[in-house]
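Examining the three-dimensional arrangement
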Amino acid sequence: MVTLDDLDRRLIAALREDGRASVASLARDLGVARATVNSRLERLISSGTVIGFTVRVREELDPLAIHAVAFIEVEGRTTDRVIRELRGFPEIIALHTTNGGWDLVAEMRTETLTEFDRVLGRIRRIEGVVNSETSLLLSSVLR
């Protein structure tokens, strides 16, 4: 496991802002040499700390316009099996274990409310899921 220092964290933050930033501009913004940025980035990728780069789409133009968070309660020791099944849902973009009243939190995206309703039904039919609560995300005020 790689231990991140302040420069690593600042590099990751800069890449979150602009994953297409050139090494030269990153070096300039971070106040270090290009070779330093290259070596840090290579280390972060090879260690698995940085697992990829992606594109962010303006929300009002995003074809996957329905965003939601589903809180899921599972029965007894079925969590691992439920997680395996949920991993197969392309509409689930992130899945988290949690503490408190819910066992899992799933972040979901679909194109339509009809598709969203279908996905909720599939989640609720998974053996071991005993309860769920879902909230649609209306707008993002901070990312």
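Relevant structure appears above.
Just so it is clear, the model here is predicted, and its values are computed rather than measured. (Residues numbered from 1 in each chain as written. Predicted model: local features only at pLDDT ≥ 70, side-chain atom pairs only at ≥ 80, totals over all residues. Heavy atoms only, no water.)

With that out of the way, let us pick up the overall build of the protein. Tallying secondary structure elements over the protein gives 5 helices and 4 strands in all. Element order for the protein, N to C, with α for helix and β for strand: α-α-α-β-α-β-β-α-β. The C-alpha radius of gyration of the protein comes to 19 Å, more than 25% above the 15 Å expected for a compact globule of 143 residues. Expressed as lengths along the three principal axes of its C-alpha atoms, the size of the protein is roughly 55 × 35 × 25 Å. Put simply, the protein has 143 residues, and 31% of those count as buried. In the protein, of all internal contacts separated by at least 6 residues, the share reaching a separation of at least 24 is 64%. (Helix = DSSP H or I, 4+ residues; strand = E, 2+ residues; numbered from the N terminus. Rg over C-alpha atoms; globule rule 2.2 N^0.38 Å. Buried < 20%, exposed > 50% of the residue type's maximum accessible area, 1.4 Å probe, protein only. Contact = heavy atoms within 4.5 Å.)

We now examine the sheet that holds strand S4 (residues 129–137). With antiparallel pairing, 4 strands are arranged side by side in an open sheet as S2-S3-S1-S4. Lying at the two open borders of the sheet, with one neighbouring strand each, are strand S2 (92–97) and S4. Within the sheet, the average angular offset between the axes of one strand and its neighbour, ignoring direction, is 20 degrees. Across the sheet, helix H5 (residues 113–124) touches strand S1 (66–74), S2, strand S3 (104–110) and S4, and the angle it forms with S4 is around 160 degrees. (Pairing = 2+ DSSP bridges. Axes fitted to C-alpha atoms, helices over the stretch in contact; angles between N-to-C directions.)

Here the focus is the packing of helix H2 (residues 23–30) against helix H3 (residues 34–46). Packed helix pairs are characterised by how far apart their axes lie and by the angle those axes make with each other. One way to put it is that H2 packs onto H3 with a least axis distance of 8 Å and a crossing angle of 105 degrees. Overall, the two elements H2 and H3 adopt an arrangement that is roughly perpendicular. Contacts from Val-23, Ala-24, Leu-26, Ala-27 and Leu-30 of H2 reach H3 at Arg-34, Val-37 and Asn-38. Grouping the amino acids of the contact of H2 with H3 by side-chain chemistry returns 6 nonpolar, 1 polar and 1 charged. (Parallel < 35°, antiparallel > 145°, perpendicular 65-115°, else oblique. Nonpolar A, V, L, I, M, F, W, Y, C, P; charged D, E, K, R; others polar.)

In total, this model carries 7 salt bridges according to the counting rule given. Arg-40 is the partner of Asp-5 in a salt bridge, and the nearest nitrogen-oxygen pair spans 2.8 Å. Taken together, the positions of Asp-5 in the segment before helix H1 (6–17) and Arg-40 in helix H3 put the pair 35 residues apart, joining distant regions of the chain. Among the ionic pairs, Arg-40 bridges to Asp-8, the shortest N-O distance being 2.9 Å. Pair noted here: Arg-40 is in helix H3 and Asp-8 is in helix H1, with a separation of 32 residues, a long-range link. Here the two residues Arg-40 and Asp-8 agree in accessibility, since each one is buried. Connected through shared salt-bridge partners, Asp-5, Asp-8, Arg-40 and Arg-43 make up one network. (Salt bridge = Lys/Arg side-chain N within 4 Å of Asp/Glu carboxyl O.)

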